[in-house]
Amino acid sequence: MRHQPAPERSAVGSRIAGLVATLSDELVEIRRDIHAHPEISSTEVRTTALLAERLRAAGLDPVLLPGTGLYCDIGEVAAGTDRVALRADIDALPLDDACELPFSSTVPGAAHACGHDVHATVVLGAGLVLAELAAEGELPRGVRLVFQPAEEIMVGALETIAAGALDGVGEVYAIHCDPKLDVGQIGTRIGPITSASDLVTIRLSAAGGHTSRPHLTGDLVYAMGKVITQVPAVLSRRLDPRSGVNLTWGAVEAGSTPNAIPSAGTLRGTLRCLDARAWEEAAQVLRDAAEQVVLPYGVAVEVDHQRGVPPVDNDETATGRIEVAARDVVGPSSVVLTEQSLGGEDFAWYLTKARGALARLGTRTPGGHSHDIHQGDLRVDERAIEHGAALMARIAVG
């Protein structure tokens, strides 16, 4: 079998790659600056100012969102068309940085342990390239950069959309760092790529009593044990098993002494689901299951189900555009099929308003260690920034 030469990079791909390469050192420095000065959800004042200042220096006119975050338009919109949006989240996590790098967090109790410093820098880099193309009359469509706050507390997307950041947008794209993929790889998937993610709190109450007489009161701790094991089991039987529904408890609190049955207890956990329809059905199934499980034990139950985010459901056409762009500017073999994740991502709300997709950006040094997200020792191969910026700019050009 004859070896087939790799396809040549397109003219626009070459142009974008060249422009990103000239910005590479600056982008790394900006990422390190953001990493060293993390700001947790809804407090991203310095990060917003830094991004806005650089965009203004490029001749752009960013629009500040209420509180924190911003969006910025590039190029003109032809009659009958919409803008394409590139979204980045910008908030940090409330945990300590354990990277031990020269640019580690200078803020105790805050760290960019989910890669949002990379996301912000990638979209900024793409925007600077697109601004250059627009100034030279080479940008064929209108683009909007969206720098969104408060993703980690799952309110930022809805607040950003309510502020008008998606008005006039027909397509929207995002990337997320993936430490399981090597730098130079772009993970894609059609359909659900992340999960719905909700917070569940179940409170139980009863009269309480002595452990020698459980028959004379509601045995609250025993009932809690039944809720812990049986409610997830009911969900797995009442909802389509293909939906990937998963209820996992993270905190259980009741009692303070071994010989007293407490009068109150609380269970807290997360409900995750890969299918939007099953996600809608899960709320009522959850309530019914909790009530029925504790009924025989004379215990009262209160279910607090806080909706978080739906699944990120990637559009097929939009996913295809990501793959074409990745092969053009990252490499002909850069695209890999990525797994579904039970993690939540509020980019899902954008996809209820406009067509689009999220891709995973490889950040692991080939042959190196996988540093997981949401851990204080997260490290990324900074070559991913150049790949991500070129990818996002190429997607926007179409």
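Residues numbered from 1 in each chain as written. Predicted model: local features only at pLDDT ≥ 70, side-chain atom pairs only at ≥ 80, totals over all residues. Heavy atoms only, no water.

Chemist: Please explain the overall build of the protein chain as it appears in this structure.
Modeler: Helix and strand counts for the protein chain come out as eight helices and 16 strands. At 24 Å, the protein chain has a C-alpha radius of gyration in line with the 21 Å of a compact globule built from 398 residues. With the C-alpha coordinates aligned to their principal axes, the bounding extent of the protein chain is approximately 80 × 50 × 50 Å. Taking all 398 residues of the protein chain together, the buried fraction comes to 53%. Long-range contacts, defined here as pairs at least 24 residues apart, represent 81% of the contacts in the protein chain between residues at least 6 apart. For the protein chain, the exposed area adds up to about 17400 Å²; of that, 50% sits on carbon and sulfur atoms. Averaging the locations of the 34 positively and 52 negatively charged side chains of the protein chain gives two centres separated by 5 Å. (Helix = DSSP H or I, 4+ residues; strand = E, 2+ residues; numbered from the N terminus. Rg over C-alpha atoms; globule rule 2.2 N^0.38 Å. Buried < 20%, exposed > 50% of the residue type's maximum accessible area, 1.4 Å probe, protein only. Contact = heavy atoms within 4.5 Å. Areas by Shrake-Rupley, 256 points an atom, 1.4 Å probe, with all protein chains shown as cover. Lys, Arg positive; Asp, Glu negative; His and termini not counted. Charge placed at Lys NZ, Arg CZ, Asp CG, Glu CD.)

Chemist: Explain helix H6 (residues 276-294) here, please?
Modeler: Residues spaced three or four apart along an α-helix face the same direction, because each turn holds 3.6 residues. Under the 1.5 Å per step criterion, the end-to-end length of H6 is 28 Å for 19 residues, consistent within 8% with the ideal 27 Å. Listed as buried for H6 are Ala278, Trp279, Ala282, Ala283, Val285, Leu286, Ala289, Ala290, Val293 and Val294. At the N-terminal boundary of H6, the capping side chain belongs to Asp275, with an oxygen 3.1 Å from the backbone nitrogen of Arg277. (Expected span 1.5 Å × (residues − 1). Polar contact = N/O pair within 3.5 Å; in protein donor to acceptor, adjacent residues only side chain to side chain.)

Chemist: Got a minute to help me understand the packing of helix H1 (residues 11-36) against helix H3 (residues 116-135) in this structure?
Modeler: Angle between the axes and distance between the axes: these two values describe a pair of packed helices. The interhelical angle for the contact between H1 and H3, taken along N-to-C directions, is 145 degrees, at an axis separation of 9 Å. Considering how the two elements wind past one another, H1 and H3 form a crossing that is right-handed. Contact with H1, carried on its side by Arg15, Ile16, Leu19, Val20, Leu23, Leu27, Ile30, Arg31, Ile34 and His35, involves Asp117, Val118, Ala120, Thr121, Leu124, Gly125, Leu128, Val129, Glu132 and Leu133 of H3 and no other residues of that element. Residue composition of the contact of H1 with H3, grouped by class: 13 nonpolar, three polar and four charged. (Axes fitted to C-alpha atoms, helices over the stretch in contact; angles between N-to-C directions. Left-handed = near helix turned anticlockwise from the far one by under 90°. Nonpolar A, V, L, I, M, F, W, Y, C, P; charged D, E, K, R; others polar.)

Chemist: Looking at this structure, how should I read the sheet that holds strand S2 (residues 70-74)?
Modeler: Neighbouring strands of a sheet are bound in pairs by backbone hydrogen bonds; such pairs are parallel or else antiparallel. Pairing within the open sheet is mixed, and its eight strands lie in the order S1-S2-S4-S3-S5-S16-S6-S15. Only two strands of the sheet have a single neighbouring strand rather than two, namely strand S1 (63-64) and strand S15 (335-337). Here three bridges tie strand S6 (residues 186-188) to S15, and the two strands are oriented parallel to one another. Counted as the bridge partner of Gly187 is Val336 from S15. Helix H2 (residues 45-57) contacts S1, S2 and strand S4 (143-148) of the sheet and is inclined by roughly 15 degrees relative to S2. (Pairing = 2+ DSSP bridges.)

Chemist: Even after reading the chapter, I still don't get the pairing of strand S5 (residues 169-182), so can you show me in this structure?
Modeler: The side chains of a regular strand alternate, residue by residue, between the two faces of the sheet. Within S5, 11 of the 14 residues are buried, which leaves the element mostly enclosed by the surrounding structure. Both S5 and strand S16 (residues 355-364) contribute to a ladder of nine bridges, which runs parallel. Bridged to Ala174 within S16 is Leu358.

Chemist: Hey, could you run me through the layout of surface pockets in this one?
Modeler: Gaps left between atoms are located by rolling a probe of water-molecule size over the structure's atoms. Here the largest pocket is characterised by a volume of approximately 570 Å³. Forming the boundary of the largest pocket are 24 residues, of which Gly343, Gly344, Glu345, Ile373 and His374 lie nearest the centre. Mapped by element, the contributors of at least two residues to the lining of the largest pocket are S5, strand S8 (196-205), strand S12 (264-273) and S16. A per-element tally of the lining of the largest pocket places S5 first, with five residues. Residue composition of the lining of the largest pocket, grouped by class: seven nonpolar, eight polar and nine charged. (1 Å grid on protein atoms, 1.4 Å probe; cavity = no way out; pocket = protein on both sides within 12 Å on 5 of 7 lines; lining within 4 Å. Points joined across faces, edges and corners; volume = space filled by probe spheres on them.)

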